[in-house]
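# Structural characterization, general
Single-letter residue listing:
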Amino acid sequence: MKEYLTDSNEVLKSLNTGEEGLSSAEAEKRLEANGKNKLVEAKKETLLMRFVKQLIEPMTIILIIAAIISAIVEAPHGFPTDTLIILVVVLVNACLGVWQESKSEKSIEALQKIAAATSKVIRDGHQISVKSEDLVVGDIIILEAGDAVPADARIIESASLQIEEAALTGESVPVTKTDKTIEASSNGDVSLGDRKNMAFMGSTVVYGRGRAVVTATGMDTEMGKIADALANASEGKTPLQQKLGQLSKVLTVIVIGICAVMFTINMLRAEKPSEVVLDTFLLAISLAVAAIPEGLSTVVTLVLSIGVTNMSKRNAIIRKLTAVETLGCTQIICSDKTGTLTQNKMTVVESYGNDEGMLAIAMSLCSDAEFDNEAGTAIGEPTECALVNYAEKLNLSKNEQKHIYTRIGEVPFDSMRKMMTTVHNNNGAIIQFTKGAPDEILKRCVAYYQDGKSVEMTDEKRAEILATNKNMADRALRVLAVGLKSLESVPEEYEAQKVENNLTFVGLVGMIDPVREEVKPAIDQCRSAGIRPIMITGDHKDTAVAIAMQLGIIESAEQAITGAELDAISEEDFETLVEKYSVYARVQPEHKTRIVNAWRKKGKVTAMTGDGVNDAPSIKNADIGVGMGITGTDVTKNVADMVLTDDNFATIVSAVGEGRRIYDNIRKAIQFLLASNLSEVIAIFIASLIGVATLFKPSHLLWINLITDTFPAVSLGLEKHEENIMKRKPRDSKEGVFADGLGFGVVYQGIMVAALTLISYFLGAKVFAPELGLTGDNIGVLGTSMAFLTLAMSEVFHSFNMRSLKGSIFTIKKQNIVLWAAAIFSFASTTLILQVPVLADFFSLMPLGIREYGVAIGLAFAVIPIVEIVKLITRFIQKNKNK
């Protein structure tokens, strides 16, 4: 059936549905028969494909080559131990890579389920909310401004409904929709763009509201025909991941250069180069293994995915990984007032007007909220719920009044007009109610309601109304006005400019929306963290100022400005004046974009919240767009970097702190891993220059990189935030990986560990070996065994240094249980392979006596006091610099 060419009643009949919608049982049956309302998803890589991808990484290929060379060198002398160990490490590393990838994917899938789109649908005669993927053909869906159309549907009711269909038709101008049947063209059909009684999956409602019956779901929709292109979309890497990718390339070039130099030097020094070529090549491979931090990419990705999961548990759904990094740099948070700074639990506490009954009837009928008798309260948008509940308390239930005043037409609310109009039939008498912002309503009033009739508006009455409005607003009440008009006939067109005029003023209501208790401490936290909070609201300036001063956002009314005043300021002047204002009242959505751009031009990293369809541009323009999970429209959620499931300002501040913690921990892991690898390179390089042929074999280095490096590094990623994390200024978003002393830390800590490792080797080979009467290769083996223990354990001890890059570890109150577990495991397993003869022999090491073991451990432990002294000196220098 071509539903667009068919009468809506016939469409309903053919789909075995009606105005009351499907029954829950029927919907379940259809869902089971036809499947989910989902488009095809990109094919997931199999475990085998992922495993192979890990094996063809450049560094893994170098390790495999090392294993082959080791096999050739070791084969004539017995069992190829190094070859086996290298291959085991390659396999373990590949398995870890696959596991990390799968964990990250599952985290993202879990977040997608939390943030799953929902639709308003009529089932069993009642309006309910269901996941969009559970819609079935025959469902009656409600469409309102800001909604994403969840499936293809035939429109059966339209109130100024306009839908933007650019994703399908390329037409950027919204299409005005109708519920009327369309005439077929000469070819017996109608092109997609001209099917004005259809709503298509992937399009967006930008104005008005309507109802439609679902005619196609999933791959049967028009969007389903182009779904393959959508399935190939993928999440890009974060700036940090890109920088680390570039760093890996640089490291690879450096490593190849060092390996080439080492190979050349050793070949030139050899009396018979042909006899040492394989050993020399193996030494070069050892250097390569030492220099590449195999676990770096895994650790960073894992820390990001764990952090994102933690944020979701704290009501912040991260939709783009880049937001995690940017959050830590946030300097400006522009926030809506209603629902974000306040509770969005509106209650009418005051009214003004000659006839409170007519005031309550007009307010409740000119709204889309409905009273739920079972729940005993109104459901819908919070402000409108307050109006419906207000009428209910006066025994003027909307459920009764809407049958007396039958709604026959409307002009939906929009944030530009700040008004909404409904037209009703009262036993043949046509009456119009228009509610909205008091100043906007009053502009259109020519009379006021007195004793059941219209009385001509006077300047005195107008001044009285404005004074009452100001009085309410000064006490932080949200104020709405309503007017009415008797019509001779039903309007031919429901256009704002044609019907919203010549009104009779009925009255005002003042509603209180209490401030969220947790917001004031969050504002204070912003101040100490170097973040400036900005309030943006459509409310009256007096209301905005009262609440902003209560929260500590501003100190005087001079820091507040209205949208009208902002319009009078040029772009150039506003770029200078933007720092003066922290409260913007009576704003239009385009003002938000202007505010964001002005701050960004000043180089400030800006977050912007939004919920309405018109907020999408400003959210998109901000460095971090924050969508509202409760009141937000699908449009704003889809362009947001982060969605708040509780619409709470305090959650944004909490997310900023979490973003800082994640970035701090990644920096700790980077410094730890790079310093560790640098120490290995320096130790091997210097040892080879002074005649130590084999300080470490590839298997030794791989053990250290995998066991005593990677596990502690992952544990550092789980470190709790430092106590001063929200007491320091935001970091510069342009700073590099090695900024703020990280590069210096990597270098001096790498040299420190290398020095301790070499000292351990020479104590073993030159001091303890002769005392123990060791000869031949055993001298070098003892030195290597002590150096191996010192290097491995220094990494373990050093991981505790990294719990704070600048602070003393002895001032950290909370313990990292996971780090302790990783340290104990690394310590125990390293001791095991060293002290158990069979394992030591397998790794070409030897068990150590108590003295040798104690000296090696003592040298390793020295990293803690050395780093503590350096940190102390650094803090002292920084303190004097800041004076």
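About the criteria used
- Residues numbered from 1 in each chain as written.
- Predicted model: local features only at pLDDT ≥ 70, side-chain atom pairs only at ≥ 80, totals over all residues.
- Heavy atoms only, no water.
- Helix = DSSP H or I, 4+ residues; strand = E, 2+ residues; numbered from the N terminus.
- Buried < 20%, exposed > 50% of the residue type's maximum accessible area, 1.4 Å probe, protein only.
- Contact = heavy atoms within 4.5 Å.
- Areas by Shrake-Rupley, 256 points an atom, 1.4 Å probe, with all protein chains shown as cover.
- Pairing = 2+ DSSP bridges.
- Axes fitted to C-alpha atoms, helices over the stretch in contact; angles between N-to-C directions.
- Core = buried A, V, L, I, M, F, W, Y, C linked by side-chain atoms within 4.5 Å.
- Lys, Arg positive; Asp, Glu negative; His and termini not counted.
- Salt bridge = Lys/Arg side-chain N within 4 Å of Asp/Glu carboxyl O.
- Left-handed = near helix turned anticlockwise from the far one by under 90°.
- Nonpolar A, V, L, I, M, F, W, Y, C, P; charged D, E, K, R; others polar.
- Phe/Tyr/Trp six-rings, centres within 6.5 Å; stacked < 30°, edge-to-face > 60°.
- Lys NZ or Arg CZ within 6 Å of the ring centre and 35° of its normal.
- 1 Å grid on protein atoms, 1.4 Å probe; cavity = no way out; pocket = protein on both sides within 12 Å on 5 of 7 lines; lining within 4 Å.
- Points joined across faces, edges and corners; volume = space filled by probe spheres on them.
- Expected span 1.5 Å × (residues − 1).
- pLDDT = per-residue confidence, 0-100.

A separate point is the overall build of the chain. The secondary structure content of the chain amounts to 32 helices and 25 strands. Here the chain holds 883 residues, and 53% of them are scored as buried. Long-range pairs, those at least 24 residues apart, make up 73% of the contacts in the chain between residues at least 6 apart in sequence. In the form shown here, the chain has an accessible surface area of approximately 38,600 Å², with 57% of it arising from carbon and sulfur atoms.

Before going further, it helps to examine the sheet that holds strand β9 (residues 332-336). Taken together, eight strands build an open sheet; the order of strands is β8-β25-β24-β23-β9-β20-β22-β21 and the sheet is mixed. Where the open sheet ends on each side, the last strands, each with one partner, are β8 (316-318) and β21 (560-562). Strand-to-strand twist in this sheet, taken as the mean axis angle between neighbours without regard to direction, amounts to 20 degrees. Contacting β9, β20 (532-536), β22 (583-585) and β23 (606-610), helix α22 (residues 589-601) crosses the sheet at an angle of about 170 degrees to β23.

Right, let's talk about the nonpolar core for a bit. Grouped together as the largest cluster of nonpolar side chains are 139 residues, with contacts concentrated most on Ile333, Ile553, Met642, Phe649, Ile670 and Leu695. Ranked by the residues each element gives to this core, the list is headed by helix α25 (residues 649-689), at 19 residues. Leave out the neighbours within four places in its chain, and Met642 touches Ala316, Ile317, Ile318, Arg319, Leu327, Gly625, Val626, Gly627, Ile652 and Ala655.

Here we come to the side chain of Arg532. With respect to the helices, strands and loops of the structure, Arg532 is situated in strand β20. For Arg532, which is buried and forms no salt bridge, the nearest opposite charge comes from Glu579, at a distance of 5.5 Å. Setting aside anything within four residues of it in sequence, one finds Arg532 in contact with Gln331, Ile332, Ile333, Arg527, Val578, Glu579, Lys580, Tyr581, Ser582 and Trp599.

To continue, consider the environment of Lys443. Counting through the fold element by element, Lys443 comes out in helix α15 (residues 438-443). Separated by 15 residues in sequence, Lys443 and Gly428 place their C-alpha atoms 29 Å apart.

When two helices pack together, you describe them by how their axes are tilted relative to each other and by the distance separating the axes. Packing of helix α18 (residues 519-528) against α25 brings their axes to within 9 Å, and their N-to-C directions diverge by 35 degrees. Note on packing geometry: the crossing formed by α18 with α25 is left-handed. Contacts between α18 and α25 involve Val519, Ala522, Ile523, Gln525 and Cys526 from the first element and Phe649, Ala650 and Val653 from the second. Split by residue class, the contact of α18 with α25 holds seven nonpolar, one polar and no charged.

As paired strands, strand β16 (residues 445-450) and strand β19 (residues 503-512) are joined by three bridges and run parallel to one another. Looking at the pairing, Tyr448 lines up with Phe505 of β19. Examined bridge by bridge, β16 and strand β17 (residues 453-456) share four bridges and lie antiparallel to one another. Across the sheet, the residue bridging to Gln450 is Lys453, located in β17. With antiparallel pairing between neighbouring strands as the criterion, β16 and β17 make up a hairpin whose turn holds two residues, including Asp451 at a positive phi of roughly 55 degrees.

Further remarks concern the packing of aromatic side chains. The geometry of an aromatic ring pair is captured by two quantities: the separation of the ring centres and the angle between the planes. If you walk through the whole model with that rule in mind, you get eleven aromatic pairs. Ring centres of Trp703 and Phe843 lie 5.7 Å apart, and the angle between their planes is 75 degrees; on these two criteria the pair is classed as edge-to-face. With Trp703 in helix α26 (residues 698-716) and Phe843 in the loop between α30 (837-842) and α31 (850-861), the pair connects residues that are 140 residues apart, well separated along the chain. Overall, the relative accessible area of 17% leaves Trp703 in the buried class. Classification of Phe843 by relative accessible area gives buried; the value is 7%. Aromatic side chains Phe842 and Phe843 sit 5.8 Å apart centroid to centroid with 75 degrees between the ring planes, which places their arrangement in the edge-to-face category. Here the aromatic cluster, defined as three or more aromatic residues joined through ring pairs, consists of Phe574, Tyr581 and Tyr584. Taking the ring centre of Tyr663 as reference, the NZ or CZ of Arg731 above it sits at 3.4 Å.

Okay, the layout of surface pockets next. For the second largest pocket, the calculated volume is near 1,400 Å³. Taken together, 46 residues line the second largest pocket, and the ones lying closest to its centre are Asn724, Arg728, Asp740, Leu805 and Lys806. Mapped onto the lining of the second largest pocket, the elements with two or more residues apiece are α25, α27 (742-772) and α32 (863-882). Looking at the lining of the second largest pocket element by element, the count peaks at nine residues for α32. Taken together, the residues of the lining of the second largest pocket sort by class into eleven nonpolar, 15 polar and 20 charged.

Next up on the list: the pattern of salt bridges. Scanning all chains against the criterion turns up 49 salt bridges. Two residues, Glu493 and Lys498, come together in a salt bridge whose shortest N-O distance is 2.7 Å. Here Glu493 falls in the partly exposed class, since its relative accessible area comes to 38%. Lys498 gets classed as partly exposed once you look at its relative accessible area, which sits at 46%. With a shortest N-O distance of 2.9 Å, Arg594 and Glu571 are connected by a salt bridge. Of this pair, Arg594 sits in helix α22 while Glu571 is found in helix α21 (residues 571-577), placing the two residues 23 residues apart along the sequence. We classify Arg594 as buried; its relative accessible area is 13%. The class of Glu571 is partly exposed, set by a relative accessible area of 36%. The structure contains a network of salt bridges with shared partners spanning Glu157, Arg209, Arg211, Asp368, Arg407 and Glu410.

It is worth spelling out helix α13 (residues 382-393) at this point. The terminal C-alpha atoms of α13 lie 16 Å apart, and with twelve residues this matches the ideal 16 Å at 1.5 Å per residue to within 8%. Burial analysis of α13 places ten of its twelve residues in the buried class, which makes it a mostly covered element. Turning to α13, its buried residues number three or more, namely Pro382, Thr383, Glu384, Cys385, Ala386, Leu387, Val388, Asn389, Tyr390 and Ala391. Once α13 ends, the next one or two residues include Asn395, with phi positive near 60 degrees.

The geometry of helix α28 (residues 777-801) relative to α32 is characterised by a closest axis approach of 9 Å and an angle of 30 degrees between their N-to-C directions. For α28 against α32, the interelement crossing comes out right-handed. On the side of α28, the interface is formed by Ser794, Phe797, His798 and Asn801, while α32 contributes Val863, Ile864, Val867 and Lys871. Residues belonging to the contact of α28 with α32 are distributed by class as follows: four nonpolar, three polar and one charged.

Glancing now at helix α19 (residues 541-551). For the α-helix, the turn length of 3.6 residues means that residues three or four positions removed from each other point alike. Among the residues of α19, Asp542, Thr543, Ala544, Val545, Ile547, Ala548 and Leu551 are the ones counted as buried. Downstream of α19 by a residue or two, Gly552 has a phi angle that is positive, lying close to 85 degrees.

Low pLDDT means the predicted coordinates in that region are not meant to be read closely. Of the residues in the chain, 93% have a pLDDT of 70 or more, and the chain-wide mean is 86. Low confidence marks residues 229-235, where pLDDT is under 50. Its contacts with residues over four positions away, or in another chain, come to eight contacts.

Here the focus is the environment of Val578. Mapped onto the elements, Val578 comes out in the loop between α21 and β22. With 18 residues separating them along the chain, Val578 and Val596 place their C-alpha atoms 9.9 Å apart. With residues near it in sequence (within four places) discarded, Val578 still touches Arg532, Tyr584, Ala598, Trp599 and Lys602.

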